[in-house]
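These are the residues of each chain, in order.
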Amino acid sequence: MDGGDGRGELDGLRGRLDEINAAVLRLLCERGRIVARVRDLKERSGAEMFNPAREREMLDALVAANEGPFPDAVVRHLFKEVFRASLAMMERSGVEALRVARGSGPEVVVRVGDRAIGGERPVLIAGPCAVEDEEQVRTVAHALAAMGVEFLRGGAFKPRTSPYAFQGLGEEGLRMLSEAGREAGLATVSEVVDTRTVEVVARYVDVLQVGSRNMANYELLKAVAVAGKPVLLKRGFAATLDEFLQAAEYLALAGNEQIVLCERGIRTFERETRYTLDLAAVPLLRRMSRLPVVVDASHAAGRRDILPALSRAAFAAGADGLMLEVHPRPEVARSDSQQQLDLPSFAALATELEPLRCRRYPAPCAGGGAP
Ligand code: PEP
Ligand code: MN
């Protein structure tokens, strides 16, 4: 009974519209899944994603089948929007469509032997800014291993702002790093600055680092991707998160999904710190992507006094790991002397951080948008 005011009939029609909305959405989603399969086939064969002739044919067929009440122009417009959304997915425009996006596959856990980044326990990556000599790197490696560090870092090819500054020991430095890591039982990380030295760095170390200055060096990314090693990709200091993820996509597209994203500070007007650590990037990258996210507090701060606070904050923000520069005698370090921690300071910090490493924060829920 609708009491004669049409209420009952109106409710019925609204109910029917709700059902139709749900059915249209179901079909759109099914269409989207088919489009994704077409994209995969086209990507494999190198075919163009946009096929104007095919799109015209589909629109003409739809208009020919139009029974009203919508005018042909409206039918064209509605389907053109559906096609636009499909093409955006096919061309992977928009970070949501990337291979590295959350939801495009399982969460990535980067593995080196029995070490995992993105697993249950956040990791520590520590070591000197640059490998300087055998004794320095061995001293650090053994001390760090005893403090629960998993990864030993050390630059052998250094990207220095001044061409007159220490440029690293090259292959000799890589050999020292890899021997020290092997002796101490630590996995090793070192930076690759150039396509010509990818192979030699990959021969010595477990994880290839692409530095901030090279995040957008796409030829380097392609070369690093196929070297058969996990990649630690640092955020360009002037890169948006979207640009950062697009850079990671170069690695994934070349077949390497063993990628760790590293937030290392961005350039702002602030001068008390070398860069500004963008902590919001941590939960955002974990929400946007399926890659593990680590924080390099040392290069962000450019000073050692605030590293304990930034380190705690990184783990509280959900980082899967923390990178810190550690040197046996920071005061005489050949690079980044002001920001490297000495061994006792690092030991105290590692102990303080231990409770924060017992549990990995779950990724923030996807798609929540602004609160
Ligand atoms: C480094 O980690 O050694 C380094 C040079 O860092 P970034 O690329 O972040 O400046
Ligand atoms: Mn450094």
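Just so you know, these numbers come straight off a predicted model, no measurement behind them. (Residues numbered from 1 in each chain as written. Chains lettered and ligands numbered in written order. Predicted model: local features only at pLDDT ≥ 70, side-chain atom pairs only at ≥ 80, totals over all residues. Heavy atoms only, no water.)

Student: Residues and numbers for the coordination of the manganese ion (ligand 2), please.
Tutor: Distances from the manganese ion (ligand 2) to its protein donors, namely Cys129 (SG), His299 (NE2), Glu325 (OE) and Asp336 (OD), fall within the range 2.0 to 2.3 Å. Counting the intervening residues between successive donors of the manganese ion (ligand 2) yields the motif C-x169-H-x25-E-x10-D. Of this pair, cysteine 129 sits in the loop between β3 (123-127) and α4 (134-146) while histidine 299 sits in helix α10 (residues 297-301); the two residues are 170 residues apart in sequence, bridging distant segments of the chain. With a relative accessible area of 2%, cysteine 129 lands in the buried category. (Donors = N, O, S within 2.8 Å, 3.2 Å for Na, K, Ca; no water. Helix = DSSP H or I, 4+ residues; strand = E, 2+ residues; numbered from the N terminus. Buried < 20%, exposed > 50% of the residue type's maximum accessible area, 1.4 Å probe, protein only.)

Student: How would you summarise the sheet that holds strand β10 (residues 321-325) if you had to cite specific residues and measurements?
Tutor: Note on sheets: strands pair through backbone hydrogen bonds, and any given pair is parallel or antiparallel. Taken together, the eight strands give a closed barrel; going around it, the order is β3-β4-β5-β6-β7-β8-β9-β10, and neighbouring strands pair in parallel fashion. For this sheet the average axis-to-axis angle between neighbouring strands, irrespective of direction, equals 25 degrees. Of the pairings in the sheet, the one linking strand β8 (residues 259-263) to strand β9 (residues 293-296) comprises three bridges and is parallel in character. Pairing of cysteine 262 across the sheet is with valine 294, part of β9. Packing of α4 onto the sheet brings it into contact with β3 and β4 (151-153), and relative to β4 it is tilted by some 155 degrees. Where helix α9 (residues 281-288) meets the sheet, its contacts fall on β8 and β9, and the angle it forms with β9 comes to roughly 160 degrees. (Pairing = 2+ DSSP bridges. Axes fitted to C-alpha atoms, helices over the stretch in contact; angles between N-to-C directions. Contact = heavy atoms within 4.5 Å.)

Student: Outline the site of ligand 1, listing residues and values.
Tutor: In the region of ligand 1, the neighbouring residues are Arg153, Lys158, Glu191, Gln209, Gly211, Ser212, Arg213, Lys234, Arg264 and His299. A distance of 2.8 Å separates an oxygen atom of ligand 1 from a polar side-chain atom of lysine 234. One nitrogen or oxygen atom from the side chain of arginine 264 is found 2.6 Å from an oxygen atom belonging to ligand 1. Residue composition of the shell around ligand 1, grouped by class: no nonpolar, four polar and six charged. (Near = heavy atom within 4 Å. Polar contact = N/O pair within 3.5 Å; in protein donor to acceptor, adjacent residues only side chain to side chain. Nonpolar A, V, L, I, M, F, W, Y, C, P; charged D, E, K, R; others polar.)

Student: Summarise a nonpolar patch on the surface; cite the residues concerned and give the values.
Tutor: Residues Leu17, Ile20, Val24, Leu25 and Leu28 make up a contiguous nonpolar surface patch of roughly 430 Å² in combined accessible area. Within the secondary structure layout, leucine 28 lies in helix α1 (residues 7-45). (Patch = residues over 30% accessible without salt bridge, like charges linked within 9 Å, V, L, I, M, F, W, Y side chains within 5 Å. Areas by Shrake-Rupley, 256 points an atom, 1.4 Å probe, with all protein chains shown as cover. Salt bridge = Lys/Arg side-chain N within 4 Å of Asp/Glu carboxyl O.)

Limitation: the analysis is restricted to geometry and does not speak to function.
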